[in-house]
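# Architecture at a glance
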Amino acid sequence: MYRDHEWRQAITAAGSGCIATLSVERYLVGNNLLIEFHQPQREEVKKELTDRDVQEGFDITLTKNRVCSTKSVP
């Protein structure tokens, strides 16, 4: 097993930073010092195909991440 002290130290530091951030957020929300903001749902803007898109056979639906989509996939 290959071990690299610098990488291990970087990963540990990143993890510790994440834990600290989440702890502070919980503290602030728990003491009403932070109000969570949620983006309102917006309709997806449909873009019309250009002549070039049609010529090259481009289909935008093939480039979207379907896993994270909130709409049902046909």
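The structure reproduced in this document is the subject of the present report. (Residues numbered from 1 in each chain as written. Predicted model: local features only at pLDDT ≥ 70, side-chain atom pairs only at ≥ 80, totals over all residues. Heavy atoms only, no water.)

## Points about the overall build of the protein
What counts here: Here a helix means four or more residues in a row that DSSP labels H or I, a strand means two or more in a row labelled E, and each is numbered from the N terminus. Exposure categories follow from relative accessible area, calculated using a 1.4 Å probe and restricted to protein chains: below 20% of the type maximum is buried, above 50% is exposed, and the middle band is partly exposed. In this description, accessible areas are obtained by the Shrake-Rupley approach with a 1.4 Å probe, and a residue is regarded as covered only by the protein chains that are shown.
Within the protein, the regular secondary structure consists of 2 helices and 0 strands. A buried classification covers 1% of the 74 residues belonging to the protein. Of the roughly 7,900 Å² of accessible surface on the protein, 58% is carried by carbon and sulfur atoms.

## Structural notes on the side chain of Asp53
To keep things clear, this is the line we draw: The contact criterion used is simple: two residues touch if any of their non-hydrogen atoms lie within 4.5 Å.
In this structure, Asp53 sits in helix H2 (residues 51–56). For Asp53, a relative accessible area of 14% puts it in the buried group. Apart from the residues lying within four places of it in its own chain, the contact partners of Asp53 are Lys47 and Phe58.

## Considerations on helix H1 (residues 5–30)
What counts, and what does not: Multiplying 1.5 Å by the helix residue count minus one yields the expected span of that helix. What qualifies as a polar contact is a pair of N or O atoms within 3.5 Å, subject to a donor-acceptor requirement within protein and to the restriction that residues adjacent in sequence count only when both atoms come from side chains.
Here H1 contains 26 residues, and its C-alpha end-to-end distance of 37 Å stays within 8% of the 38 Å for a straight helix at 1.5 Å per residue. In this structure Asp4 caps H1, since a side-chain oxygen of it lies 3.1 Å from the backbone nitrogen of Glu6. A positive phi of about 55° marks Asn32, the residue just after H1.

## Comments concerning unusual backbone geometry
Unlike most non-glycine residues, Asn32 shows phi in positive territory, near 55°. Residue position: Asn32 is located in the loop between H1 and H2. Looking at Asn32, the relative accessible area reads 70%, which means it is exposed.

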